[in-house]
Amino acid sequence: MIVGTNSSPGAADAAEERFRDAPEPPAAVVDGLCGVPPQAVDSGRARGARPPVRTDRAAGEAPGGGLGFAVDPDSLPDGLVVADDRGRVICFNAAAARITQLAPERALGAPIDRALPLEDLEGRRWWALTDPYGGLATRRGQPERNLLLPGGREVLVSASYVRTHPTGPVRRLVVTLRGTEARRRTERSHAELIATVAHELRSPLTSVKGFTATLLAKWERFTDDQKRLMLETVDADANRVTRLIAELLDISRIDSGRLEVRRQPVDIATAVGRHVQALTANGQDPERFLVSVSRPLPDLWADPDKIDQILGNLLENAVRHGEGTVTIGVSPHEKGTAVTVSDEGPGIPEESMARVFTRFWRGSKRGGTGLGLYIVKGIVEAHGGTITVGRGPGGGAEFRFILPVSAPAYLTQ
């Protein structure tokens, strides 16, 4: 088996694909990768140190060696275990040793069910259930599943059965192993998202329910001003719920790569002015904002709603978490248009800058879901742009995003 520079499928799937297409016997391909000469395996000398990986065609290099190299199994990110036609382990790479905490010299030459005594989550022995050497002759492998190693350590296991012909006996059994850390991190991230959403929804919904129930039960007892105050609070809380739902939808689209960008001509300077006016109308001091626009600006084709979302989030963060003057700069850039938003607050600690655009990061305890900057980064990148964070001239945080010159789809097709 030869592994190229771009091996996105799992090792077992890639191995099976190579074996199916290779004109040479599949077992030779596996042996070529593992660096185990067939005669050494057959004579029982596989136990102990493995010889170096062969790269010469005369020694049995697999097709694909025209790339100029074969890959040592120890360089694979996943654990790789290969057994011969008798079920004896002939390849046990470094990742497999790390995951199983078993020394390769103890595994090589041993029966695979002893080298990998796997059990399913119900305590049943996995090799007895799957029976790779005596099961159905048409079976080509086992899909990835969670299994347990001795001591209860969980591992993701998949297997591929290599046959000389479709219904022939198994000549090689290729097993890949992966740790569960990445999956657990994803599960924790989803759990955090659910917990955050539940918390953020509970407060406004409780307020809406309380005020509406009070108004319905005691409408005549309140003055018009009291009724107006209650309804304005209900309206604000409903807007908060709507905004949170919109953020969740954006996260879903960003994570799945389905965030749509409807490009139209956008005057970014006018958009910045509009957001500043909205903030001052809501009680912010107009003297707190300094807008600097360097013209001429290149034509900007972008999604105006998404641009408003970016500007609104960055300006709101600067006002809420920053201090002093909030400076917004718009200028031409060699790649398009650059927009900078900075404040004069305490800024972001150096150790936190790498996490600013991740989910649930909060610069302070002044509210927010911690999802806004994650969404901003996804929107900017959906436009083909980049966004960075650093320390501004006034000592506070400085966000800078660059939107490239582009055109709507109907002009580029």
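In case you missed it, the structure is sitting above this.
Treat the numbers as computed from the prediction; the structure is a model and nothing was measured.

Thresholds, definitions, all that
- What you see as residue numbers is a count from 1 along each chain, following the sequence as written.
- In keeping with the model being predicted, local features are shown solely for residues with a pLDDT of at least 70 and side-chain atom pairs are shown and tallied solely at 80 or more, while totals for entire chains, interfaces and linings include all residues.
- Excluding hydrogens and water, the side-chain values take into account all heavy atoms of the structure.
- In this text, helices come from DSSP runs of H or I with a minimum length of four residues, and strands from runs of E with a minimum of two, each type numbered from the N-terminal end.
- Exposure categories follow from relative accessible area, calculated using a 1.4 Å probe and restricted to protein chains: below 20% of the type maximum is buried, above 50% is exposed, and the middle band is partly exposed.
- Whenever two N or O atoms come within 3.5 Å, that pair is a polar contact, provided that in protein one can donate a hydrogen and the other can accept it, and provided that, for residues adjacent in sequence, both atoms are side-chain atoms.
- Two strands pair if DSSP finds at least two bridges between them.
- The axes used here are C-alpha line fits, helices contributing only the stretch in contact, and every angle between their N-to-C directions lies in the interval 0 to 180 degrees.
- Salt bridge criterion: a side-chain nitrogen from Lys or Arg within 4 Å of a carboxyl oxygen from Asp or Glu.
- Any pair of Phe, Tyr and Trp rings, taking the six-membered ring for Trp, is counted once the centres come within 6.5 Å. Such a pair is stacked with planes under 30 degrees apart, edge-to-face with planes over 60 apart, and tilted for the rest.
- Helix span is expected to be 1.5 Å times the residue number reduced by one.
- In this scheme, the bend at a residue equals the angle between the axes fitted to the seven residues that finish there and the seven that begin there.
- We call two residues in contact when some of their heavy atoms are within 4.5 Å.
- When describing relative orientation, an angle under 35 degrees is termed roughly parallel and one over 145 degrees roughly antiparallel, while 65 to 115 degrees is termed roughly perpendicular and anything else oblique.
- Put simply, a crossing is left-handed when the front helix is turned counterclockwise from the back one by less than a right angle, and right-handed when it is turned clockwise.
- As a working rule, the residues Ala, Val, Leu, Ile, Met, Phe, Trp, Tyr, Cys and Pro are called nonpolar, Asp, Glu, Lys and Arg charged, and the rest polar, with Gly in that last group.
- For this analysis, a nonpolar core means a set of buried residues of the types Ala, Val, Leu, Ile, Met, Phe, Trp, Tyr and Cys, connected via side-chain atoms within 4.5 Å.

Colleague: Quick one: what's the story with the environment of R163, residue by residue and with numbers?
Modeller: Along the chain, R163 turns up in strand β4 (residues 154–163). Given a relative accessible area of 14%, R163 falls into the buried group. Considering only alpha carbons, one finds R163 and R139, 24 residues apart in sequence, at a separation of 10.0 Å. A distance of 3.2 Å separates a polar atom in the side chain of R163 from the backbone oxygen of L136. Engagement of the side chain of R163 in a polar contact is seen with the backbone oxygen of R139, the distance being 2.7 Å.

Colleague: Any details on the sheet that holds strand β1 (residues 79–83)? Residues and values, ideally.
Modeller: Read from one edge of the open sheet, five strands run β2-β1-β5-β4-β3, paired in antiparallel fashion. Taken across any chain shown, the strands that pair with only one partner, and hence form the sheet edges, are β2 (89–92) and β3 (141–148). Ignoring strand direction, the axes of neighbouring strands in this sheet form an average angle of 20°. Note that β1 and strand β5 (residues 170–178) share five bridges and pair antiparallel. When the bridges of β5 are listed, V82 appears paired with V174.

Colleague: An account of the pattern of salt bridges is needed here, citing residue identities and associated values.
Modeller: Scanning the model with the defined rule gives 11 salt bridges in all. Note that R274 is salt-bridged to D308, the shortest N-O span being 2.8 Å. Taken together, the residues R274 in helix α10 (residues 268–281) and D308 in helix α11 (residues 304–321) connect sequence positions 34 residues apart. We classify D308 as partly exposed; its relative accessible area is 22%.

Colleague: Break down unusual backbone geometry for me, citing the residues and quoting the values.
Modeller: Residues other than glycine predominantly adopt negative phi, and peptide bonds predominantly adopt the trans conformation. The omega torsion of the bond from R295 to P296 falls at 5°, within 30 degrees of zero and hence cis. Summarising the element assignment, P296 is placed in the loop between β7 (289–293) and β8 (301–302). The residue Q101 is not glycine, and still its phi comes out positive at about 60°. Topologically, Q101 is positioned in the loop between α4 (94–100) and α5 (104–107). One non-glycine residue, D131, lies in the positive phi region at around 45°. Its place among the elements puts D131 in the loop between α7 (126–130) and β3. By relative accessible area, which is 35% here, D131 ends up partly exposed.

Colleague: Report on the packing of aromatic side chains, specifying residues and quantitative values.
Modeller: Tallying each qualifying case throughout the model produces two aromatic pairs. When the ring of F357 is compared with that of F399, the centres are 6.1 Å apart and the planes differ by 80°; the resulting orientation is edge-to-face. Taken together, the positions of F357 in the loop between β10 (336–342) and α12 (372–382) and F399 in strand β12 (residues 397–404) put the pair 42 residues apart, joining distant regions of the chain. You'll find F357 and F399 in the same group, each marked buried.

Colleague: Could you give an account of helix α8 (residues 181–217), naming the residues involved and the relevant values?
Modeller: Here α8 contains 37 residues, and its C-alpha end-to-end distance of 53 Å stays within 8% of the 54 Å for a straight helix at 1.5 Å per residue. Along α8, the helix axis deviates most sharply at R202, where the bend reaches about 25°; the proline P204 sits within four residues downstream. All of the buried residues along α8 are L193, T196, V197, E200, P204, S207 and L215. Among the structural elements, α9 (224–256) are those in contact with the buried residues of α8.

Colleague: Tell me about the packing of α10 against α11, residues and numbers included.
Modeller: Where α10 contacts α11, the axes come no closer than 10 Å and their chain directions differ by 45°. One finds that α10 runs oblique with respect to α11. Once α10 is placed against α11, the crossing between them reads as right-handed. Note on element contacts: α11 touches α10 through I307, D308, L311, G312, L315 and V319, opposite I268, A271, V272, R274, H275 and L279. In the contact of α10 with α11, the residues fall into eight nonpolar, two polar and two charged.

Colleague: Summarise the sheet that holds strand β11 (residues 386–391); cite the residues concerned and give the values.
Modeller: The strand order across the open sheet built from five strands is β7-β9-β10-β12-β11, with neighbouring strands paired in mixed fashion. Whereas interior strands pair on both sides, the edge strands pair on one side only; in this sheet they are β7 and β11. Averaged over neighbouring strand pairs, the angle between their axes works out to 15° when direction is ignored. Sheet topology places strand β9 (residues 326–333) next to β10; seven bridges connect them, and they run antiparallel.

Colleague: Give me the nonpolar core: which residues, what numbers.
Modeller: Ranked by internal contacts, the top residues of the largest apolar core, which has 46 residues, are I328, F399 and F401. Of the residues forming this core, the biggest block, seven residues, is contributed by α11. With sequence-adjacent residues up to four places away left out, I328 is seen in contact with V272, V276, F289, L290, V291, S292, L315, V339, T340 and V341. Of all hydrophobic cores here, the second largest spans 26 residues; its members include A83, L102, L116 and L149.

Colleague: Outline α11, listing residues and values.
Modeller: Over its 18 residues, α11 runs 25 Å from end to end, which matches the ideal 26 Å to within 8%, given 1.5 Å per residue. When α11 is considered as a whole, its buried residues turn out to be K306, I307, I310, L311, N313, L314, L315, N317, A318 and V319.

Shape descriptors only; they carry no functional weight alone.
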